[in-house]
Each structure stands twice: as structure tokens, then as C-alpha cells.
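# A structural walkthrough
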Amino acid sequence: MVENKLGIRNYSKLQMIEKELVSTKIKLLDEQVTFNMETLNLEFLIKLHYFLFGDIYFQKDLEIRTITDLEYKKLNKLFELLVQMGLEGIDIKYKSLEIILKKIWELQLFGDGNTRTVLAFLKLYIKYYNLPLEFDFDVDIKSSEKIFVLRKCQQK
């Protein structure tokens, strides 16, 4: 079991508390917390991941896995495409957004919390670019444990 700042030794209890804390932080993304979305990159995702899980786990346990230069370049290209699509606004290609976010998710940058971090990123992305998409984050963050499913998004 990963060491945690809360000193919890019971794994199922830790999972329950983690789920509640992360869920609360994701709700805060709507109301009080803002991130600088002007620069989308790996560091942005790391910052978001730390925001979600940093009160529970120590920094050493929140590190991203080692990625290759090729993966790093691929990730930067995906972020460039997301910025371009966000700036296009209402003309956004819904299927393209799904493909890009799924590719980011598939990189499995974070050992734990990868899906929740990518879905929280999606939430910020939709809000920042005021995109015509709706997504039930409370339901989908809890249910999307094995596969990232953007297709549950609906255009407004």
C-alpha cells in the first residue's frame, strides 16, 4: 500500500476517502479554483494531478512515470491540437477531441488517478474555451475506471 499523508493503513478506507476528497476538489474546479489554461503541456497535467491528490499522497508517489522523448513530443503535439481546437470554439470537431483526449489517457502518465486527472482536465478545457459540450463529471469520474469515455459528452 502506498504511504499516505493521512496515515490510513486500511486500503478500502483510503480508497473511500480518496474518492471523496478528489470528487470535492473536482467540484471546486467549477467554483473557486482556476488554472492557467494558456499553456497546455505536461507540466499543466502534473499541476492538476497534484492539486487532486497532493493532500493525500506524498510528492514521490505522485510522480509521473518515465516517458520517452517520442512520447513527450507526441504529448506536446496533442496539446497543440487541443489549443487550436479550443480556439476554433463552436467549430470544434467532437470526434477529434475524443481521439486526442483518449491518446493522452492511454499514455498512462500517472500510476494512480490517471483517468480522474484527464477527466478533470476535460472539465477545465470545456469551461476555459466555453465549448458547447456537457458532461456529467460526478457520474463519469466515478464510473470510468477502466476506459476513458468522452462519448458520454453531449453537444449542447
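Residues numbered from 1 in each chain as written. Predicted model: local features only at pLDDT ≥ 70, side-chain atom pairs only at ≥ 80, totals over all residues. Heavy atoms only, no water.

## So, the nonpolar core
With 42 residues, the main nonpolar core has Leu82, Ile104, Phe121 and Tyr125 as its most contacted residues. The set of elements that each furnish at least two residues to this core consists of helix H1 (11-31), helix H2 (42-53), helix H3 (69-88), helix H4 (94-106) and helix H5 (114-128). With 8 residues, H5 is the largest single contributor of residues to this core. If sequence neighbours within four positions are ignored, Ile104 has contacts with Leu45, Leu75, Leu78, Phe79, Leu82 and Val118. (Core = buried A, V, L, I, M, F, W, Y, C linked by side-chain atoms within 4.5 Å. Buried < 20%, exposed > 50% of the residue type's maximum accessible area, 1.4 Å probe, protein only. Helix = DSSP H or I, 4+ residues; strand = E, 2+ residues; numbered from the N terminus. Contact = heavy atoms within 4.5 Å.)

## Let's talk about the pattern of salt bridges
This model, assessed by the stated rule, comprises 7 salt bridges. In the salt-bridge network here, residues are joined through shared partners; they are Glu3, Lys60 and Asp61. (Salt bridge = Lys/Arg side-chain N within 4 Å of Asp/Glu carboxyl O.)

## Examining the packing of aromatic side chains
A full pass over the atoms with the stated rule returns 5 aromatic pairs. With a centroid separation of 4.9 Å and an interplanar angle of 90°, the aromatic rings of Tyr128 and Tyr129 are classed as edge-to-face. Under the relative-accessibility criterion, Tyr128 is labelled partly exposed at 40%. One aromatic cluster is present, formed by Phe44, Phe79, Phe121, Tyr125, Tyr128 and Tyr129 through successive ring pairs. Between Lys25 and the ring centre of Phe51, over which it is positioned, the NZ or CZ distance is 4.9 Å. (Phe/Tyr/Trp six-rings, centres within 6.5 Å; stacked < 30°, edge-to-face > 60°. Lys NZ or Arg CZ within 6 Å of the ring centre and 35° of its normal.)

## What to know about the packing of H2 against H3
Two measures define how a pair of helices packs: the angle their axes make with one another and the distance between the axes. Following both chains from N to C, one finds H2 and H3 inclined at 85°, their axes separated by 10 Å at the closest point. In terms of orientation, H2 lies roughly perpendicular with respect to H3. Counted together, Leu42, Glu43 and Leu45 of H2 and Tyr72, Leu75 and Phe79 of H3 form the full contact between these two elements. The residue inventory of the contact of H2 with H3, partitioned by class, reads 5 nonpolar, no polar and 1 charged. (Axes fitted to C-alpha atoms, helices over the stretch in contact; angles between N-to-C directions. Parallel < 35°, antiparallel > 145°, perpendicular 65-115°, else oblique. Nonpolar A, V, L, I, M, F, W, Y, C, P; charged D, E, K, R; others polar.)

Don't take any of this as a statement about function, it's just geometry.
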